[in-house]
Amino acid sequence: MKHIEVVAGIIEYNDKILCMQRDKGKFDYVSFKWEFPGGKIEEGETKEEALKRELREEMEMDVEITNHFLDISHEYPDFTMNMYVFKCKAKSEKFVMNVHHDFKWLPLTEISSLDWAPADKPAVEKLLEEK
């Protein structure tokens, strides 16, 4: 089974969290699910470098990474993944949606109302526990 290493950012701005909705993809079980933005780590990159690059490529957004938040291992039907989640501060709420279907800036109290991708759920749960 294929294994991937990915990074994701919990991006905060003005006490709201950026939630991104995936577009239709190769796998139905993650199509149109909500996620924290990020992507695959490329060879030779640190996790932080990968996250900054992915956010620039997917959203033309620069963030300040404030801290490592959580590591998640998840097994989907077609692949396994390790996801390294970081908390980030956005410099502005503006970005360009290059690969996603939709987005919402939500207060923490409302993020559990979304249909999250299974791998992202532990991060949502930890955020709510820490509130």
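The model shown is predicted, which means the values in this text are computed figures rather than measured ones. Numbers given to residues run from 1 along each chain, matching the order in which its sequence is written. Where totals are concerned, whole chains, interfaces and linings use all residues; where local detail is concerned, this predicted model gives features only for residues with pLDDT of at least 70, and gives and counts side-chain atom pairs only at 80 or more. Think of the side-chain values as coming from all heavy atoms in the structure, minus any hydrogens and water.

Enquirer: Would you take a moment to explain the pattern of salt bridges for this structure?
Expert: Where side chains of opposite charge bring their charged atoms close, a pairing between them can arise. The rule for a salt bridge is simple: a side-chain nitrogen of Lys or Arg has to be within 4 Å of a carboxyl oxygen of Asp or Glu. Under the definition given, this model contains 10 salt bridges. Measuring nitrogen to oxygen at the nearest pair gives 2.6 Å for the salt bridge that ties R53 to E45. Three or more residues are tied together by salt bridges with common partners; here these are E42, E45, R53, E54 and E57.

Enquirer: It is not clear to me how the packing of aromatic side chains should be interpreted in this structure. Could you clarify?
Expert: The description of an aromatic ring pair rests on the distance of the ring centres and on the angle between the ring planes. A pair of Phe, Tyr and Trp rings is counted when the ring centres sit within 6.5 Å of each other, with Trp represented by its six-membered ring. The angle between the planes then sorts it: under 30 degrees is stacked, over 60 is edge-to-face, the rest tilted. Tallying each qualifying case throughout the model produces 7 aromatic pairs. Aromatic pair F27 and Y29: ring centres 5.3 Å apart, planes at 15°, arrangement stacked. Taking the centre distance of 5.6 Å and the plane angle of 35° together, the rings of F27 and F79 count as tilted. Residue F27 is found in the loop between β2 (16-21) and β3 (34-35), and its partner F79 is found in strand β6 (residues 79-90); the two are separated by 52 residues along the sequence. Strands here mean DSSP runs of E at least two residues long; helices mean DSSP runs of H or I at least four residues long; both are numbered from the N terminus.

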